[in-house]
Amino acid sequence: MRAAATVVELRQLLSERFPQAHGTKRGWHRTVVATGLANFDALLGGGLPKGEISELVGTRPGSGSAQVIHALLRCAASDGQFLALVDGADSFDVDAVEHDVLSRLLWVRCAKVEEALKAADLLLRDRNFPLVVLDLKLNPLAQLRKIPSNVWHRFRRLLEQNGAAMLAVTPTPLIGGAVCRVRVECRAGIEALAQPPSEVLGQLHFELLGAAECSETVAEAQAG
Amino acid sequence: MFAVIHLPQFPLQAALRHEPELWAKPVALVDLAPGTPRVCAATDAARAAAAAEGLTPTQALARCRQIIIRRRAPSQESAATDAVLQCAFGYSPNIEHTSPGTVTLDLRALAELSERRSPGHREFDDADHAEQISALHNWGERLSTALTALNLRARIGIGPTPNVARHAAWWGRAELGTRNSELGIAVMPAATIVRDSPSFIASLPVAALEPSSDVALILRKWGVRTVGELLALGQDALAERIGLEALALFAAASATALRPLNLVRPTERYEESFDFEQEIETIEPLLFILRRFVDYLSQRLEPAGFVVERLTLKLRLESGAVVEQRLRLPQPTRRTDVLFRMLHTHLESLRTDSPIVSVSLKADPTQPEQKQFRLFEVALRDPHQFQETLARLSALVGADRVGTPVREESHRPDAFKLVTPDFEKASGVVGRKSAALSRIVPLRRFRPAVKAKIELMKPASDNPPPSSVRTSRIVESRRPIPVFRPEDVAEMLLFSKTADSARQKEPDDAKRNAKVVEFPAAHQGSKGLKTATGSADAAAEGRPNPGTPSGESSRPIAIQCSVAKGKLRIAVGPWRASGSWWDANSWQREEWDAATREGAVLRLVQRADGWFVEGVLD
């Protein structure tokens, strides 16, 4: 009897610790972090899942990933939250953001991929930020492909522990363990510079890429 | 009742406070102040090896080769005095710094130690005595524990007068511990409590009264060993024989005389220092001693109810230089793990030119902060952790590359500085409307800007535009002397044949809301320019008018750089800006927005040093 009870306790512990491995998908995405982009949130079932890595893929230069990052920052500021941005290539545009919104941003300007990954690791261990954005869009693809997969695994473990959400912006599908992988495309051309940012955001097109796990979760969220 | 805290061998205790493990080894403390250095204090192990006080260091080394020589340091004695006074002040508001290593406390005002009488009884009975002795013992035990935590080996004596308490502290446990029951004292583990003062005083050796050497010799020849035997001689008879010193001896032997205490308040100076015997070049020994500093400082702050607001770390180098760093805590605290982590993080990134010979750590005290959060206010979970993370990030990427961006007071694009984040003082919840106020479409910036080769098309009437494109660019200015005023929307019409025809095509609402900068034709130069927001003052002063093309512009038609290569589908501009023309940091630039045939939208900038790609629409 004692052994049986121990096995039950062990299974329960493993189930809580590794919910994905035990097929208990419903409810393990406890909460999400809204992005402020209606079509993006709808695709993700409410927002970026907490405790997981989400990947935003922008394959070409004008794909709109910078617009998404700025939208995330504004959404965090409007919710009274803080956002940590690990800028892999130091490309964040300060001029497009108001002072009040900037005051809620921690910006880490990195020069190399290694720096960005170390900075992200430190921020995930910090446990103060509900959302960490890792922007690797402009980093050389050759460097990105050298990132060992255990880095992402470590990030996932840290995220599970602190309950934060992480969005990695990449130029190509890169993160094997990402729970959501979304490709973003922007149909706007040079005329976008004449439009308010809200209109440009409306022209972003999001497409969910092969993440069966995420799809099921999204479907569940949409169904109920 | 009064209590006396006595620290035997106070200079040695002060010197070994940060190295308590040395008490078991032969250590000699050398006083360098007089002409010839002499051993002024020694541990029991050193005395056992005949290396006692009064020897020179060489003589001490000759008698004991393993002896460790330490210098007497006034700064450490001062810190130890501060520590014991601050500790004593936490147990009684009336304290006296009687002598170095001796503090007298007045316990008469303490309610928990006041004399207790059983209800209905006027006189003290045995039960009352036992209860009071127990209360005094508990109090003494707490005080002793606090002093032990500071690595101070204290003897505590409690008696009805300061003099009796002093004798109890000095002689109570060392000399009389085995005979306590018949001497009217209670020798507890923490303190010696005197119940019957005359019996206790009478049992003390004559040396307790500190007679001069001559008088001590006379008394020894007379066979007078204890204070009781001395008192039996009578004050007048003794004074006739040995003079006025007899009066001083009888006063020192008084069990009833009360004297007013010279009350002091401990300083609010919380500092610990240590001189390394050998220079250190690695972080480990420094962290080892800093850990003890942090523990001591935290314990010293606790009785006063203070917390640490700022730490000042001072490192003295072998070269004579001093490295000083002030570390401000995001949230005042006296948690040792937080304080130590902050120091550790700082030292990890510290490099010094020469080895370290001494270290001191000072804590600035403050009252604990009380804060009431608003209902919807979001605060950092752990500000101390955040501060540490910031320090680590600064060490990783550089202090100038981590923080919260603040735009500078300049019209220059991408002019900002990074400041230390202060999320506690960040703007409250930013309304969704205000968060969506920005009218500038964000780019991805290239820092530094990418050098580019640009092929230009000369403005000439025989060069027709590639297509009739109508576009505009929203420009938001941030400063009182703007390129365009904040509410302005500059509408630029390129490659149209006439401004009138363009105006006919403008929607009515656009005409109302937009101020139009019209370029009738690229090749017409500035003569045909109309601007709604040009600065008349600037023109009058003869300096460049930002935003106003001052001459013929050449349109980029092809680009070659690491970001893009090939013909441009369209180029819109120029937008000119300049600033700081009154000093050496003057700048002038001309911006173009261009789209490549692949669809990338680039921000091209022409400066004095050439063409650059500053960003890309993403």
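Just so you know, these numbers come straight off a predicted model, no measurement behind them.

This part covers the overall build of chain B. From N to C terminus, chain B includes 18 helices and 24 strands. With 618 residues in all, chain B has 34% of them scored as buried. Sequence separation of at least 24 residues holds for 60% of the intrachain contacts in chain B that already meet a minimum separation of 6.

We now examine the overall build of chain A. From N to C terminus, chain A includes nine helices and nine strands. For chain A, with 224 residues in total, the buried portion stands at 51%. Contacts spanning at least 24 positions in sequence make up 71% of the contacts within chain A whose residues lie at least 6 apart.

This next bit is on the interface of chain A and chain B. Between chain A and chain B, the contact holds 54 residues from the first and 62 residues from the second. Taken together, the elements giving at least two residues each to the side of chain A that touches chain B come down to helix H3 (65–78), helix H4 (99–102), strand S5 (105–109), helix H5 (113–126) and helix H8 (197–202) of chain A. Looking at the side of chain A that touches chain B element by element, the count peaks at seven residues for H3 of chain A. Its residues placed into classes, the side of chain A that touches chain B shows 25 nonpolar, 16 polar and 13 charged. Two elements, S5 of chain A and strand S15 (residues 402–407) of chain B, share two bridges in a ladder whose sense is antiparallel. Counterpart to Trp107 of chain A in the pairing with S15 of chain B is Gly403 of chain B.

We now examine the nonpolar core. Counting 104 residues, the largest nonpolar core has Leu83, Val86, Leu131, Val132 and Val133 of chain A as its most contacted members. Among residues more than four places away in sequence, those in contact with Leu83 of chain A are Leu72, Leu73, Ala76, Arg104, Leu105, Phe129, Leu131 and Val133 of chain A. With 87 residues, the next largest nonpolar core counts Met1, Phe10, Ala168 and Phe200 of chain B among its residues.

All names here are of chain B. Under the 1.5 Å per step criterion, the end-to-end length of helix H12 (residues 283–304) is 32 Å for 22 residues, consistent within 8% with the ideal 32 Å. Every buried residue of H12 is listed here: Leu286, Leu290, Phe293, Val294, Tyr296, Leu297, Ser298 and Arg300. On its buried face, H12 is in contact with helix H4 (74–89), strand S11 (270–280), helix H13 (336–348) and strand S14 (356–366). Phi turns positive one or two residues past the end of H12, at Gly305, with a value near 75°.

Looking now at the sheet that holds strand S22 (residues 587–596) of chain B. Within a sheet, neighbouring strands are paired by backbone hydrogen bonds and run either parallel or antiparallel to one another. Residue and element names in this part refer to chain B. Taken in spatial order, the six strands close into a barrel running S17-S20-S21-S22-S23-S24, and their pairing is antiparallel. Taken pair by pair, the neighbouring strands of this sheet meet at an average axis angle of 45°, ignoring direction. Note: strand S21 (residues 565–579) against S22, nine bridges, orientation antiparallel. Within the sheet, the bridge partner assigned to Ala577 lies in S22 and is Arg589.

Among the secondary structure elements, Val402 of chain B is positioned in strand S15. Placed 19 residues apart in sequence, Val402 of chain B and Pro421 of chain B show a C-alpha to C-alpha distance of 8.9 Å.

In this fold, Pro330 of chain B is placed in strand S13 (residues 322–333). In contact with Pro330 of chain B, not counting residues within four places along its chain, are Pro383, His384, Phe386 and Gln387 of chain B.

Here we come to the packing of H4 of chain B against H12 of chain B. Residue and element names in this part refer to chain B. It is at 8 Å that the axes of H4 and H12 come closest, and there the two elements cross at 35°. At the point where H4 passes H12, the crossing takes the left-handed sense. Between H4 and H12, the contacting residues are Ala83, Gln86, Cys87 and Phe89 on the first element and Tyr296, Arg300, Pro303 and Ala304 on the second. Taken together, the residues of the contact of H4 with H12 break down into six nonpolar, one polar and one charged.

Residue and element names in this part refer to chain B. Two elements, S11 and S14, share seven bridges in a ladder whose sense is antiparallel. What sits directly across from Glu271, in S14, is Lys362. Across 10 bridges, strand S12 (residues 307–317) lies against S14 in antiparallel orientation. In the strand pairing of S14, Thr312 is matched with Lys362.

Residue and element names in this part refer to chain B. Among the secondary structure elements, Thr81 is positioned in helix H4. A count of 19 C-beta atoms within 10 Å places Thr81 in the partly exposed class. Distance from Thr81 to Thr102, taken between C-alpha atoms, is 9.1 Å for residues 21 residues apart in sequence.

Turning our attention to H4 of chain B. Spanning 16 residues, H4 of chain B covers 22 Å between terminal C-alpha atoms, matching the ideal 22 Å at 1.5 Å per step. All of the buried residues in H4 of chain B are Gln76, Ala79, Ala80, Ala83, Val84, Leu85, Gln86, Cys87 and Ala88 of chain B.

Here the focus is unusual backbone geometry. All names here are of chain B. Cis geometry marks the peptide bond from Arg447 to Pro448, where omega comes out at -5°. Considering the arrangement of structural elements, one finds Pro448 in strand S17 (residues 443–457). In this structure, the amide linkage connecting Gly573 to the following residue, Pro574, adopts the cis form with an omega of 0°. Structurally, Pro574 is set in strand S21. Positive phi is not limited to glycine here, since Asn151 has a value of about 65°. Its location among the elements puts Asn151 in the loop between helix H5 (126–149) and strand S7 (155–159). When the 19 C-beta atoms within 10 Å are taken as the criterion, Asn151 is described as partly exposed.

All names here are of chain B. Chain-level statistics for chain B give a pLDDT mean of 76 and a share of 75% at 70 or above. Overall, residues 174–179 carries pLDDT values under 50, and its contacts beyond four positions in sequence, including any with other chains, amount to six contacts. Taken as a whole, residues 462–472 scores under 50 in pLDDT and shows 16 contacts with residues more than four places along the chain or in a different chain. Here the prediction assigns the complex a pTM of 0.63, and the interface score ipTM is 0.84.

Attention shifts here to the sheet that holds S13 of chain B. All names here are of chain B. In space, the four strands of this open sheet follow the order S11-S14-S12-S13, with antiparallel pairing throughout. Sheet topology places S11 and S13 at the edges, where each strand pairs with a single neighbour. Between one strand axis and the next, the sheet turns by 15° as a mean value, whatever way the strands run.

Detailed reading of the predicted coordinates is not advisable wherever pLDDT falls low. All names here are of chain A. The share of residues in chain A with pLDDT of 70 or more is 85%, and the mean pLDDT across the chain is 83. Mean pLDDT across the secondary structure elements of chain A bottoms out at helix H9 (residues 212–223), with 48, and peaks at S5, with 94. For residues 24–29, every residue scores under 50 in pLDDT, and the model assigns this stretch eight contacts once sequence neighbours within four places are set aside.

About the thresholds
- Residues numbered from 1 in each chain as written.
- Chains lettered and ligands numbered in written order.
- Predicted model: local features only at pLDDT ≥ 70, side-chain atom pairs only at ≥ 80, totals over all residues.
- Helix = DSSP H or I, 4+ residues; strand = E, 2+ residues; numbered from the N terminus.
- Buried ≥ 20, exposed ≤ 12 C-beta atoms within 10 Å, placed from the backbone.
- Contact = placed C-beta atoms within 7 Å.
- Nonpolar A, V, L, I, M, F, W, Y, C, P; charged D, E, K, R; others polar.
- Pairing = 2+ DSSP bridges.
- Core = buried A, V, L, I, M, F, W, Y, C linked by C-beta atoms within 7 Å.
- Expected span 1.5 Å × (residues − 1).
- Axes fitted to C-alpha atoms, helices over the stretch in contact; angles between N-to-C directions.
- Left-handed = near helix turned anticlockwise from the far one by under 90°.
- pLDDT = per-residue confidence, 0-100.

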